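# Descriptive analysis of the structure
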Amino acid sequence: MARVRTLPKAVKECREKDPGSCITLNALRQWVRQGLVPSTKAGKYFLVDMDKLEEFLSSGGGAYANN
């Protein structure tokens, strides 16, 4: 079963796994809007699959997102 979270909860979970993480809620929102992180919209909330987010981050996606 997929681990689907809202954006604030996804950031919180990332920080629990890696307390030194520099991922912010605004950065995650931008990645979702740009289509870099796959998401689903449920009402007014965007939902992300934590496995897809971790895959994006481990591939270095966050480092190149602003280029």
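About the thresholds
Residues numbered from 1 in each chain as written. Predicted model: local features only at pLDDT ≥ 70, side-chain atom pairs only at ≥ 80, totals over all residues. Heavy atoms only, no water. 1 Å grid on protein atoms, 1.4 Å probe; cavity = no way out; pocket = protein on both sides within 12 Å on 5 of 7 lines; lining within 4 Å. Points joined across faces, edges and corners; volume = space filled by probe spheres on them. Helix = DSSP H or I, 4+ residues; strand = E, 2+ residues; numbered from the N terminus. Nonpolar A, V, L, I, M, F, W, Y, C, P; charged D, E, K, R; others polar. Salt bridge = Lys/Arg side-chain N within 4 Å of Asp/Glu carboxyl O. Buried < 20%, exposed > 50% of the residue type's maximum accessible area, 1.4 Å probe, protein only. Pairing = 2+ DSSP bridges.

### Overview of the layout of surface pockets
There is about 160 Å³ of room inside the largest pocket. Breaking the lining of the largest pocket down by element, the ones donating at least two residues are helix H1 (7-17), helix H2 (25-34) and strand E3 (45-49). Counting residues per element, the lining of the largest pocket draws most heavily on H2, at three residues. The residue inventory of the lining of the largest pocket, partitioned by class, reads five nonpolar, one polar and three charged.

### Observations concerning the pattern of salt bridges
Enumeration over the complete set of coordinates arrives at five salt bridges. Measuring nitrogen to oxygen at the nearest pair gives 2.8 Å for the salt bridge that ties glutamate 13 to arginine 5. The class for glutamate 13 is buried, based on a relative accessible area of 13%. Since its relative accessible area comes to 25%, arginine 5 is described here as partly exposed.

### Some remarks on the pairing of E3
Relative to E3, strand E1 (residues 4-6) runs antiparallel, the two being bridged by three bridges. For valine 4, the partnering residue across the bridge sits in E3 and is aspartate 49. Pairing analysis gives four bridges linking strand E2 (residues 39-42) to E3, with the strands arranged antiparallel. What sits directly across from lysine 41, in E3, is phenylalanine 46. With antiparallel pairing between neighbouring strands as the criterion, E2 and E3 make up a hairpin whose turn holds two residues, including glycine 43 at a positive phi of roughly 70°.

Nothing here speaks to function; it is all geometry.
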